[in-house]
Amino acid sequence: MSPEQDPKAQVSSADTAAEQPVAAPPTGVAAQSGAGAATAVAREPESPDVSEAAMNMNSDNQASISAGNSAAHQESTPAAASVSTEPPSLEQSAEQSADQAAEARDAAEMAESMDRMLDQFPAAEPVAEGEIFDGHVLAVTDAGVVVDVGGKFEGLVPAQEFLDSGAPIEFGPGQTIEVERLHEQRDGYVLLSHARAHRRRSWERIEKASREHTNLAGKVVERIKGGLVVDIGVRAFLPASQIELKPVHELEDWKDREIEVRVLKLNRKRGNVVVSRRAILEDELKTKRDALAGTLVEGAIVTGRVKNITDYGIFVDLGGMDGLLHVSDLVWGRVPHPSKVVQPGEEIQVQVLKFDKEKQRISLGRKQLLPDPWATVPGRFTVGTRANGTVVGVTDYGAFVQIEPGVEGLVHVSEMTWSKHAKHPSKIVKVGDAVEVVVLEMKPDQRRISLGLKQTLPDPWEAVAEKYPVGTLISGRVRNLADFGAFVEIEEGIEGLIHISDMSWTERVKHPSEKLKKGEAVEARVLKVDTQNRRLSLGMKQVNDIWAKWFGEHKPGEIVRGKVARTAEFGAFVELSEGIEGLCHISEIEERRSKGDRGDKTKMSREQRVTTVLTAGQEYDFKILKIEPEQRKISLSYRAAQKQAERQEMESFRSSRSSPNATIGDAILAKRQAL
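Nothing here was measured: the structure is a model prediction, and the numbers come from that model.

Conventions we followed
Residues numbered from 1 in each chain as written. Predicted model: local features only at pLDDT ≥ 70, side-chain atom pairs only at ≥ 80, totals over all residues. Heavy atoms only, no water. Pairing = 2+ DSSP bridges. Helix = DSSP H or I, 4+ residues; strand = E, 2+ residues; numbered from the N terminus. Axes fitted to C-alpha atoms, helices over the stretch in contact; angles between N-to-C directions. Contact = heavy atoms within 4.5 Å. Buried < 20%, exposed > 50% of the residue type's maximum accessible area, 1.4 Å probe, protein only. Salt bridge = Lys/Arg side-chain N within 4 Å of Asp/Glu carboxyl O. Expected span 1.5 Å × (residues − 1). Phe/Tyr/Trp six-rings, centres within 6.5 Å; stacked < 30°, edge-to-face > 60°. Lys NZ or Arg CZ within 6 Å of the ring centre and 35° of its normal. Arc of directions from axis to C-beta.

### With respect to the sheet that holds strand β27 (residues 571–577)
Taken in spatial order, the five strands line up as β26-β27-β28-β30-β29 and close into a barrel, and their pairing is mixed. In this sheet, neighbouring strand axes are inclined to one another by 50° on average, regardless of whether the strands run parallel or antiparallel. Bridge count between strand β28 (residues 580–585) and strand β30 (residues 633–637): two bridges; the pairing is parallel. If you follow Cys584 over to β30, its bridge partner there is Leu636. Contacts from helix α11 (residues 546–553) reach β27, β28, β29 (619–628) and β30 within the one sheet, and its direction differs from that of β30 by about 45°.

Structure below.
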């Protein structure tokens, strides 16, 4: 007897086929009922940030999901499971014909059995194959769950279906279970599938939610590459970019969380579902924004929560929209950092300063709700008032001092010290220093106060005239060099100028760097004090005044011995003593002659005429014609000295000859004879 004719073989084959399709996939795996196509978790996203990789997840997940759904495909369309793209062979055609004949016989036997049952029990509406309905659990056996389907037969959900899903049987007698009827029987029971019923209901619910854009509740069951797997009755892919409004990096923290999602795209044939949580949040945010935008007006006072703190300000969540509270509008005055005033999550009251509906930008202010300290500043801090404050900021041009909360003034670098030598403000004060200042200028309309620090200290120039009278010998340090002289600091705040003309008695100084260096210690004598203009004239050459001694020892008319230092067109400079020079003009060098006696001398240059009489480096006698102590000038005459020497020789010759009538010629002749 062939297998087609053997009833036992038919029952055995039916049982085998029934056991395979009811094997449920792992919990949460999506399956397609009826068509029986293998499912996948991911699909192509609609939004740009859902990649093709997200549609297919990875090969491991796809394989695990498809394995569970292949059985469902065999359950709903057993014939379809054997369909091949290749043309059937003769043997396959014969087997198909035999199967169809067996099915026809089984159907006839089933119809006869149903007729007999209808005769014994009250009429009941039959349950069609593939229909989903609720049944009552009668018993739980090793074979599975026995279910009363409300007709004239009982059904069985095989235990293998629960074992394949990895979950224990949670149903007990009397409980209601949702099942789908299969076309097979086993041990006198109609085979049922709870997994297929659950999957079909899930897909119907998902498709309805996709059409109506409603939300679905689900549970995060796994983290995979690119996002999460969410169980919404089937395994759905939630891309990382669709979890929150901002990027999420710690995906592990989302496991086992119950969330609501919205279907972005689905393909039931492939079993792919892509969901989004961000879409729900965006809709909620838009609703809140629209509601908030209708109530926001400039000047309105609203309550918000501190969302984020930056160096430049605070972002406040107003309930759908974020507003920026700039650090300058946080409090009256300066704050080191906004985090010193408020903390994340803190609820604060703010005022809307500006609202741009097109750009959805809101500028907020908090200090506007606090009393303005500048309202009473002009009356309390008049010019000249002394106040105690704290340094809150130091810049290159000065320091900011807070004299009371919300009220700051600037101490310019020029008002920090009496010294003219520029110093960086950080060398004088530091942030946090307590200082005493004087109000120099008040501008309430600009909310500015100019303060002075040096005004609280004694002005050293008030006592300069008494402390350093003219002629006082002082010592100081060269602070700066200029083309015209050197500035010497005598003490803090007091500087004097040594002009290049007061650096040397004999040398002609072209630049102070020839005699001094910056930072060098130097001695000088006070020449002039101008307290009103805060000026002090100093002289370096006056420290050793050799001229005063020389002037005290000599007077006009004296004959002095000197060495010609150098010659010029107008005369010769004669060194009379170390550091002391006098000038012998050309008119005092050669003898005056009449025009007829000048001869070839008119053809000589002036300097040649000087050098023919006086030679540099040679010593000669000169007569002092004039002395000018104040200008340190001495006028000399070589010619006058020579004449005076001749007169002395003549007088000496006459006295030796006892002849008052002797002439100069006699004296010269006597001198030659003596040689």
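Having put the structure on the table, let's press on.
### Comments concerning the pairing of strand β8 (residues 235–239)
Counting buried residues along β8, five of its five residues qualify, which places the element largely inside the surrounding structure. On β8, burial covers both faces: Arg235, Phe237 and Pro239 on one face and Ala236 and Leu238 on the other are all buried. Of the pairings in the sheet, the one linking strand β7 (residues 227–231) to β8 comprises five bridges and is antiparallel in character. Its bridge partner lying in β8, Gly227 is registered against Pro239. The turn linking β7 back onto β8 is made up of three residues, and Gly233 within it adopts a positive phi angle of 105°.

### Some remarks on the pattern of salt bridges
Side-chain pairs of opposite charge can arise where the charged atoms are in close proximity. As enumerated under the stated definition, the model contains 20 salt bridges in all. Glu282 is the partner of Arg278 in a salt bridge, and the nearest nitrogen-oxygen pair spans 3.3 Å. Placement of both Arg278 and Glu282 in helix α8 (residues 278–293) is noted, with a separation of four residues, approximately one turn of the helix. Classification of Glu282 as partly exposed rests on a relative accessible area of 38%.

### Considerations on α8
For an α-helix, 3.6 residues make a turn, and residues three or four places apart therefore share a direction. Taking 1.5 Å per residue as the helical rise, α8 with its 16 residues ought to reach 22 Å, and the 21 Å between its terminal C-alpha atoms agrees with that figure. Among all positions of α8, only Arg278, Ala279, Ile280, Leu281, Leu292 and Ala293 are buried. Where α8 is buried, its residues contact β6 (215–224), β9 (258–267), β10 (272–276) and β14 (347–356).

### Regarding the packing of aromatic side chains
The full count for this structure, using the stated rule, is eight aromatic pairs. Look at Phe484 and Phe487: their rings are 6.1 Å apart centre to centre, the planes differ by 85°, and that puts the pair in the edge-to-face class. Its relative accessible area of 25% is what places Phe487 among the partly exposed residues. Grouped by ring-pair contacts, the aromatic residues Tyr620, Phe622 and Tyr638 constitute a single cluster. Over the ring of Trp254 we find Arg257; its NZ or CZ atom is 3.8 Å from the centre of that ring. Here Arg566 stacks its cationic end above the ring of Phe573, 4.3 Å away from the centre of that ring.

### What to know about α11
The set of residues buried in α11 consists of Trp547, Trp550 and Phe551. Buried residues of α11, seen end-on, are gathered within an arc of 100° and therefore sit on one face of the element. When the buried face of α11 is taken as reference, the exposed residues oriented beyond 90 degrees from it are Lys549, Gly552 and Glu553. Where α11 is buried, its residues touch β27, β28, β29 and β30.

### A word on the sheet that holds β14
Overall, mixed pairing links the five strands, which are arranged β11-β12-β13-β15-β14 in a closed barrel. Between one strand axis and the next, the sheet turns through 50° on average, direction left out of account. Here strand β12 (residues 313–317) runs beside strand β13 (residues 322–326); their pairing, made up of five bridges, is antiparallel. The residue of β13 that forms the bridge with Val316 is Gly323.

### A few points about the environment of Gln642
Here Gln642 is to be found in helix α13 (residues 638–657). Separated by 51 residues in sequence, Gln642 and Glu591 place their C-alpha atoms 9.9 Å apart.

### Comments concerning the side chain of Gln351
Looking at the element boundaries, Gln351 is found in strand β14. Assessed through its relative accessible area of 18%, Gln351 is described here as buried. Ignoring sequence-local partners within four residues, the contact set of Gln351 consists of Gly299, Ala300, Ile301, Ser363, Leu364, Gly365, Gln368 and Leu369.

### A look at the pairing of strand β1 (residues 132–140)
Bridge count for β1 against strand β4 (residues 176–186) is five bridges, and the pairing is antiparallel. Among the inter-strand pairings, Asp134 is bridged to a residue of β4, identified as Glu178. Between β1 and strand β2 (residues 144–148), which pair antiparallel one after the other, the connecting turn spans three residues.

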